[in-house]
Protein chains: 2
Amino acid sequence: MPRKTEKSGKGDIPYSTVVRLAQYLRILERLHAVGTTKISSNELAKEAKVNSFLVRKDLSYFGEFGVRGVGYDLKSLIREIRRILGLNRDRRIVLVGVGHLGRALLSYKGFAEEGFVTCGLFDSDPAKIGSSVGDLQVRSIFSLEDFVQGNGPIDIGIIAVPAFSAQFVANKLVAVGVKGLLNFAPIPLTVPTHVISISVDLTTNLEVISYYLLHR
Amino acid sequence: MPRKTEKSGKGDIPYSTVVRLAQYLRILERLHAVGTTKISSNELAKEAKVNSFLVRKDLSYFGEFGVRGVGYDLKSLIREIRRILGLNRDRRIVLVGVGHLGRALLSYKGFAEEGFVTCGLFDSDPAKIGSSVGDLQVRSIFSLEDFVQGNGPIDIGIIAVPAFSAQFVANKLVAVGVKGLLNFAPIPLTVPTHVISISVDLTTNLEVISYYLLHR
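Remember, predicted model here, so these are calculated numbers, not experimental data. (Residues numbered from 1 in each chain as written. Chains lettered and ligands numbered in written order. Predicted model: local features only at pLDDT ≥ 70, side-chain atom pairs only at ≥ 80, totals over all residues.)

### A few points about the overall build of chain A
Now for step 1: When you go through chain A residue by residue, the secondary structure sums to nine helices and nine strands.
Now for step 2: Summarising its shape, the C-alpha atoms of chain A cover approximately 60 × 45 × 35 Å along the three principal directions.
Now for step 3: In chain A, which comprises 216 residues, the proportion classed as buried is 39%.
Now for step 4: A separation of at least 24 residues holds for 57% of the contacts in chain A among residues at least 6 apart in sequence. (Helix = DSSP H or I, 4+ residues; strand = E, 2+ residues; numbered from the N terminus. Buried ≥ 20, exposed ≤ 12 C-beta atoms within 10 Å, placed from the backbone. Contact = placed C-beta atoms within 7 Å.)

Below, the structure written as structure tokens:
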């Protein structure tokens, strides 16, 4: 068993470390699924394309998981990272924008596997409102407040609407108490400081590929 | 004008620096669009949610763009990062998988704006082959080789197919000389070392939000 020194995890953990922890988790879960039981920081670093010093530094924010020379117990490390990321409980999600991107996200199995439960779909298009996608009915964005009152609080809102309506939707979500936003519209959102908002920029990945096409 | 010491940019630039350069570019272009002309590394760091030492370190790989105490000239910095990332030329793209995600990507304006030109659509579904999306006709994945022979080489293949066929599609793309892959299927791809492959993991972002919901 790895030695574990509990730390609070609050306060000064860099954003980039949190992002890498989620990336490490994906790698560890994949390795766990094929029967791996131990991993060294060097191996994890190689998989994550970062240096092993950084892996050890990232994990050290939360205490000592590993044993020098032996590496990390995969199962314990997965459990700890899941706890740190708050994945040891379900997160209630609503999706706003049931277009192509929204439907693609709904069919994405990874969300549900990590405990992200989609419990509401919203759109502003009268042609879509009332229709069903899977088990869920598409509701009017103007019924969001009623939905939350009837169905309980929402943790995260996924914004898959065009750029021109993304801020409007963000405001609506924040107004009903949603504290986490995942934004796919290609504009930055303005939100209160108590709300965490992450914008997914798909172009960035193409640019990274472009770099390597040039420099390899 | 900022002083510029040309460096080759080849070899030892960390992957994470390349990713951040693309992120800096997005921020800089947004600020440029609203009339900003100068930016300090502190300001850029704040926008990018990294520390300013890291910003200066990232940019120093490519020479000296900034002037101490004055900051960076926005337009020069954008031009330099675009050059570094190989964005000063068009990149020819094919999209494989014309489902919801594929269609969402096709309607995403950011790609074309950065010089990523979609020149072919492919699918394996007979119901889709022959149909048109925008100006482009959906072709059979089995006609990929003919397409490249008739239309010239492809720089980047975007894979928006289900997990079970992603590796098959990757192999097809690599076989016709594609050297960059952007994979949206939730499985890691095996590709030759001369090919750069990036997998987009949408769950990671939700997990980062989950962390901040817990620790804020």
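Back to the write-up after that little detour.
### Regarding the packing of helix α2 (residues 41–48) of chain B against helix α3 (residues 52–60) of chain B
Residues and elements named next belong to chain B.
Now for step 1: The geometry of α2 relative to α3 is characterised by a closest axis approach of 8 Å and an angle of 105 degrees between their N-to-C directions. Considering the angle they form, α2 stands roughly perpendicular to α3. Residue-level inspection shows Ser41, Asn42, Leu44, Ala45 and Ala48 of α2 in contact with α3, the latter providing Ser52, Leu54, Val55 and Arg56.
Now for step 2: A per-class count over the contact of α2 with α3 returns five nonpolar, three polar and one charged. (Axes fitted to C-alpha atoms, helices over the stretch in contact; angles between N-to-C directions. Parallel < 35°, antiparallel > 145°, perpendicular 65-115°, else oblique. Nonpolar A, V, L, I, M, F, W, Y, C, P; charged D, E, K, R; others polar.)

### Some points on the interface of chain A and chain B
Now for step 1: The interface is formed by 56 residues belonging to chain A together with 55 residues belonging to chain B.
Now for step 2: Elements supplying a minimum of two residues to the side of chain A that touches chain B: α1 (15–33), α5 (100–106), α6 (109–113), β8 (180–183), β9 (196–199) and α9 (202–215) of chain A.
Now for step 3: In the side of chain A that touches chain B, the residues fall into 30 nonpolar, 13 polar and 13 charged.

### Considerations on the relation of the copies chain A and chain B
Now for step 1: When chain A is fitted to chain B, the best match, at an RMSD of 0.0 Å, comes from turning it 180 degrees and sliding it 0.0 Å along the axis. Look at the turn and shift together and you get a two-fold axis relating the two. Judged by C-alpha distance, His100(A) is the residue of chain A that lies nearest the rotation axis, at 2.2 Å.
Now for step 2: Interface residue correspondence from chain A to chain B reaches 98%, placing this contact among same-surface, isologous pairings. (Least-squares fit on C-alpha atoms with pLDDT ≥ 70 in both.)

### Examining unusual backbone geometry
All names here are of chain B.
Now for step 1: Not every positive phi belongs to a glycine, and Lys49 is a case in point at roughly 60 degrees.
Now for step 2: Examined against the element boundaries, Lys49 turns out to sit in the loop between α2 and α3.
Now for step 3: Given 12 C-beta atoms within 10 Å, Lys49 falls into the exposed group.

### Some details on helix α2 (residues 41–48) of chain A
Residue pairs three or four apart in sequence face the same way in an α-helix, which turns once every 3.6 residues.
Residue and element names in this part refer to chain A.
Now for step 1: Looking only at α2, the buried set comprises Ser41, Leu44 and Ala48. Take α2 and look down its axis: the buried residues cluster within an arc of 65 degrees, on one side only.
Now for step 2: Elements that come into contact with the buried residues of α2 comprise α1, β1 (38–39) and α3 (52–60).
Now for step 3: One or two residues past the end of α2 sits Lys49, with phi positive at roughly 60 degrees. (Arc of directions from axis to C-beta.)

Shape is all these values report; function is a separate question.
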